[in-house]
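Residue-level structure breakdown
Residues per chain are reported as follows:
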Amino acid sequence: MPYLKHNLFSEKALYPLLLFIITVGTYYNALIYVDFINLEDMDLMNRLLNASSLNIKDLFLSINTINYYRPVIELSYRLDQLIWSGIPFGFHLTSIVLHTFNAYLVYILFLLLFDKVNRDNKIPAFVASSFFAVNPLLTESIVWVSGRSDIIAANFMLLSLVCYLLHKREVDDEYCRRGVRHFIYLAGSGFFYLLSAFTKEVALSIPIIVIMFEFLYMKHFRFKYNIRASIAVSIYFICITALYFMIFRGGGVDTSTANVTVSATGLSVSTPLDHIRTFLASYGFYVKKLFLPNPLNFAIHRIDKSLYAILGFIVSLVFLIWGLLRTNIFSFFAAWVLATISPAVIAAVLMLPWTPWAERYLYVPLIGFSIAAGYGFALFEERKRTVAIVLSAAILAFMWASTQHRIYLWADEERLWEDTASKTDFGPVYYFYGRTLQEKGKEAQAVAQFEKAIPTGFSYFPYMALANIKLYKGDVEGFEEIFRRAMRDHPKKSELYRMLAESYLQIAANENKNKDTYMSKAADSFEKYLDSTGENFMMHFRLSGIYRSLGRKKEAIPHLKKVIELAPPDSRYTGTARKLLADMGDN
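Rules of the game
Residues numbered from 1 in each chain as written. Predicted model: local features only at pLDDT ≥ 70, side-chain atom pairs only at ≥ 80, totals over all residues. Heavy atoms only, no water. Helix = DSSP H or I, 4+ residues; strand = E, 2+ residues; numbered from the N terminus. Buried < 20%, exposed > 50% of the residue type's maximum accessible area, 1.4 Å probe, protein only. Contact = heavy atoms within 4.5 Å. Salt bridge = Lys/Arg side-chain N within 4 Å of Asp/Glu carboxyl O. Patch = residues over 30% accessible without salt bridge, like charges linked within 9 Å, V, L, I, M, F, W, Y side chains within 5 Å. Areas by Shrake-Rupley, 256 points an atom, 1.4 Å probe, with all protein chains shown as cover. 1 Å grid on protein atoms, 1.4 Å probe; cavity = no way out; pocket = protein on both sides within 12 Å on 5 of 7 lines; lining within 4 Å. Points joined across faces, edges and corners; volume = space filled by probe spheres on them. Nonpolar A, V, L, I, M, F, W, Y, C, P; charged D, E, K, R; others polar. Axes fitted to C-alpha atoms, helices over the stretch in contact; angles between N-to-C directions. Parallel < 35°, antiparallel > 145°, perpendicular 65-115°, else oblique. Left-handed = near helix turned anticlockwise from the far one by under 90°. Expected span 1.5 Å × (residues − 1). Polar contact = N/O pair within 3.5 Å; in protein donor to acceptor, adjacent residues only side chain to side chain. Core = buried A, V, L, I, M, F, W, Y, C linked by side-chain atoms within 4.5 Å. Phe/Tyr/Trp six-rings, centres within 6.5 Å; stacked < 30°, edge-to-face > 60°. Lys NZ or Arg CZ within 6 Å of the ring centre and 35° of its normal.

**What about the overall build of the protein chain?**
Scanning the protein chain from N- to C-terminus turns up 28 helices and zero strands. Buried residues in the protein chain amount to 53% of all 587 residues. Once local pairs closer than 6 in sequence are excluded, the contacts in the protein chain between residues at least 24 apart make up 72%.

**Looking at the pattern of salt bridges**
Using the criterion set out here, one finds 26 salt bridges in the structure. Residue Lys 423 pairs with Asp 419 through a salt bridge whose shortest N-O separation is 3.2 Å. The class of Lys 423 is partly exposed, set by a relative accessible area of 36%. Through salt bridges with shared partners, a single ionic network connects Asp 412, Glu 414, Arg 415, Lys 440 and Lys 442.

**Some details on a nonpolar patch on the surface**
Residues Ile 310, Phe 313, Ile 314, Leu 317, Val 318, Leu 320, Ile 321, Trp 322, Leu 325 and Phe 330 make up a contiguous nonpolar surface patch of about 970 Å² in total accessible area. Looking at the nonpolar patch, the element that brings in the most residues is helix α15 (residues 305–324), giving eight residues. Tracing the sequence through the fold places Leu 325 in the loop between α15 and α16 (329–350).

**Side note on the layout of surface pockets**
Approximately 820 Å³ is the volume attributed to the second largest pocket. Leu 290, Phe 291, Phe 369, Ala 372 and Ala 373 are, among the 33 residues lining the second largest pocket, the residues nearest its centre. Mapped by element, the contributors of at least two residues to the lining of the second largest pocket are α7 (122–133), α14 (272–291), α15, α16, α17 (365–383) and α18 (385–410). Looking at the lining of the second largest pocket element by element, the count peaks at eight residues for α17. Residue classes in the lining of the second largest pocket are distributed as 28 nonpolar, five polar and no charged.

**A word on empty space enclosed by the protein**
Using the criterion set out here, one finds three cavities of 30 Å³ or more in the structure. If you go around the largest cavity, the residues you meet are Leu 109, Leu 113, Leu 161, Tyr 164, Leu 165, Ile 209, Val 210, Phe 213, Phe 332 and Trp 336. Put simply, the parts of the chain that give the lining of the largest cavity at least two residues each are α6 (88–114), α9 (149–172), α12 (206–217) and α16. Looking at side-chain class alone, the lining of the largest cavity contains ten nonpolar, no polar and no charged residues.

**Some remarks on the packing of helix α23 (residues 476–489) against helix α24 (residues 495–509)**
At a closest axis distance of 11 Å, the pairing of α23 and α24 adopts a crossing angle of 170°. Classified by the interaxial angle, the pair formed by α23 and α24 is roughly antiparallel. Residues Val 476, Phe 479, Glu 480, Phe 483, Ala 486 and Met 487 of α23 pack against Leu 496, Tyr 497, Met 499, Leu 500, Ser 503, Tyr 504 and Ile 507 of α24. In terms of residue class, the contact of α23 with α24 is made up of eleven nonpolar, one polar and one charged.

**Things to note about the packing of helix α19 (residues 413–421) against helix α20 (residues 427–439)**
Where α19 meets α20, the axes come as close as 9 Å, and the angle between the chain directions of the two elements is 150°. Overall, the two elements α19 and α20 adopt an arrangement that is roughly antiparallel. In this structure, the crossing between α19 and α20 has a hand that is left-handed. Where α19 approaches α20, its residues Glu 413, Glu 414, Trp 417, Glu 418, Thr 420 and Ala 421 are matched on the opposing element by Val 429, Tyr 430, Phe 432, Tyr 433, Thr 436 and Leu 437. Across the contact of α19 with α20, the residue classes break down as seven nonpolar, two polar and three charged.

**Brief notes about α17**
Between its first and last C-alpha atoms α17 spans 28 Å; for 19 residues at 1.5 Å apiece the expected length is 27 Å, and the two agree. What α17 keeps buried is the set Pro 365, Leu 366, Ile 367, Gly 368, Ser 370, Ile 371, Ala 372, Gly 374, Tyr 375, Phe 377, Ala 378 and Glu 381. If you follow the buried residues of α17, they end up packed against α6, α7, α9, α14, α16 and α18.

**Section: the environment of Val 171**
In this structure, Val 171 sits in helix α9. Of the residues examined, Val 171 reaches a relative accessible area of 18% and is grouped as buried. The sequence separation of Val 171 and His 182 amounts to eleven residues, and the corresponding C-alpha distance is 6.5 Å.

**A few points about unusual backbone geometry**
Put simply, Asn 294 and Pro 295 share a cis peptide bond, and its omega is 0°. Not every positive phi belongs to a glycine, and Met 351 is a case in point at roughly 55°. As for its placement among the helices and strands, Met 351 is situated in the loop between α16 and α17. By relative accessible area, Met 351 is classed as buried at 11%.

**Considering the side chain of Glu 359**
Looking at where Glu 359 falls in the secondary structure, it is placed in the loop between α16 and α17. According to the relative accessible area criterion, Glu 359 is buried, its value standing at 3%. Within the structure, Glu 359 has its side chain in polar contact with the side chain of Lys 289 (distance 3.1 Å). If we ignore the near neighbours within four places in the chain, the residues touching Glu 359 are Leu 137, Glu 140, Lys 289, Pro 295, Leu 296, Asn 297 and Ile 300.

**Quick notes on the side chain of Thr 424**
As for its position among the elements, Thr 424 is in the loop between α19 and α20. In terms of polar contacts, Thr 424 uses its side chain to reach the backbone amide nitrogen of Phe 426, at 3.2 Å.

**Side note on the nonpolar core**
Ranked by size, the top nonpolar core spans 174 residues in total, and within it Phe 221 and Phe 333 carry the most contacts. Ignoring sequence-local partners within four residues, the contact set of Phe 221 consists of Leu 113, Phe 114, Lys 116, Val 117, Phe 213, Ile 329, Phe 332 and Phe 333. Counting residues in hydrophobic clusters, the runner-up holds ten residues, among them Phe 541, Ile 557, Leu 560 and Tyr 573.

**A look at the packing of aromatic side chains**
This structure, assessed with the given rule, holds 53 aromatic pairs. Look at Phe 332 and Phe 333: their rings are 5.1 Å apart centre to centre, the planes differ by 65°, and that puts the pair in the edge-to-face class. By relative accessible area, which is 2% here, Phe 332 ends up buried. Directly above the ring of Tyr 408 sits Arg 415, whose terminal nitrogen or CZ lies 3.7 Å from the centroid. Sitting over the ring of Tyr 573, Arg 572 keeps its end group 4.6 Å from the ring centre.

**Observations concerning the environment of Leu 560**
Structurally, Leu 560 can be placed in helix α27 (residues 553–566). Residue Leu 560 is classed as buried on the basis of its relative accessible area, which comes to 0%. For the pair Leu 560 and Phe 537, spaced 23 residues apart in the sequence, the C-alpha separation amounts to 8.7 Å. Beyond its immediate sequence surroundings of up to four residues, Leu 560 is in contact with Ser 544, Ala 577, Leu 580, Leu 581 and Met 584.

In short, geometric facts, not functional conclusions.
Right, dumping it as C-alpha cells:
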C-alpha cells in the first residue's frame, strides 16, 4: 500500500496542520474559561470522588444502571479523575483532544472513500473535516463534560470505519490479498466497533452503514464488488453486534423504566399514532438542524411536531425513492445520516433523556453530513473553483462565529441558563437557572426562577429550594407553607415527609424554647414517611431515638421491637435495640 501510506500520512501535512490549528483555536477559550455546571457535572464529580478503586471487569460486567450501558464513558471519566483530580481544565482538555482527533479521522476517512473517485482530494477532505470541526451543533458535546459520550463513540466509530476501508483497499489489491493484513484491518474494525458500542448506542448503526455500503453503494466509490466477501463482512459485523448484546445483558442494565407515559417534559406518546408522529417529527427536526442549526438551544423539550412530522415524512419518502432505488454517493451519506440519527429518534419516542431532543445527538450524523458537503465542494470546485472556495470560507466563518458565541455562553453558567430560559418554558431549566443565581447571591432573581419552575410540575425540587431559602432566613411558617404546597402538588412523593422531618430536626438543633415542638413534628413526619413507604428498621430505630429524647418511652418501645423484628439478627441495630428495651424495663 505505498500510495496510501505516502499520500495519507506523509505528503502535504499542511492540511492536517491547518485542521489542528482551526480545531484547537476554536475551542481554546473553552479550555481556559468553561467550568463544570450544576446539571449533572457536579453529580458526576461527587460520584467520581467517592468511587471505589478502578476495576475493569466490574466496569463492564457489573454496571447495574438504568436504561444505558456505557462502560467506556465511565472508564474515561475514571481515568480523567485519576490524572486531573477533578480539575475542569483536564476534563475539557480530554474532550478537545478527542474532538481534534475525530476531525483528523474525518479527513482520513474522506481520502479513503474518494481515493478511487478522484486522486486529488486533499482540499475537499480539508473542507469536510473543517466543517465538522467547527460546527456549532457540536459545542454542547465538547464543552459539557457530562455530554462527551458522542465524542468518544465517534472516535471509535471512525477508527472502525477507517480500518474497514483499509481492509477493502487491501482486498481490492490482488497482491495484498495474499497476505494477512486485510484480516488484521477487519479485526481492528470489529474491535473498534465493539468499543464504540460500549460507549454509546449510536454505534450500533455501523453494521447498517457497512451493509448498505457493501451491497448498494460500493460501486459508486469504485471498489470491487464480491458478493461472497460482502456476505462474510456483513455476518462478521452482525456477530459482533450479537456479542455486544450478550455482554449488555450480563451488565445488569435495567430497561424496565423505559416507558412512554407523561414525563417531566409534559409530552405523552401513549398511542401508536403519537409514536409515529414523534418518530417522523424527530427525523424532520434533526434534518432541519443539520442544514439550519440556529436557533441553538441547550434544552429542547418541545418542537412543532405537526410541522416536523410532515418534513420527516417527506425526507423519508425522498430517501426511499431516490436513495434506495437510484443509489449514488449523496444517497449513501443520506443513508448514513438517517441511520445514525435513528438512536436519537428512538430516545425521543421513548423519552429516555432529560430532554427528548438535543443538538449533541447530531455529533455522529454530522460526520456523514460533513463528508457529503466536502464531496459537494469537490464537484462545485471543478466548475467554479473561486466561488466554491469563497462560499466554503464564508460558511466556515459563520459556523466558527456561532461556535464562539456558544462557548461564550458556556463560559458563564448564568449566561448559559439565561439564554436557555429565554428559548424554552422547561421546568428543569428554570430550576437550574435559579440554583445558579442563588449561588451568585442573587436571591430575589433565584426565587423568581424557582416560582416559574413550579407550575411546570416537573419535580418537587423547586419547592425544596424555596423552602431552604425560607429556612435560612428563619421563616419557619413560610418554610412549612412551601412544604404543604409541595405535598399537595406531589402527593405520591413520600420522600417529602422524610425531608420535612430532617428539616424539623435541623430547626430543633438550633432551638431552645420550642425544641420539643419541632422534635415532635419531626416524629410525626417520619411516621407518615414510614406509613407511605413500608417497614424500614433504620427509620424505626431513628424514631425510637426521637421519642426517647422527648421522654415518650411508650412510643419508643414499639419501634425498638420493630428494629429487632426487621434488622439482621447479628447487626448492631438489633443488639442496641435489645439493650435499650432492657434498660426501659421491657423484655
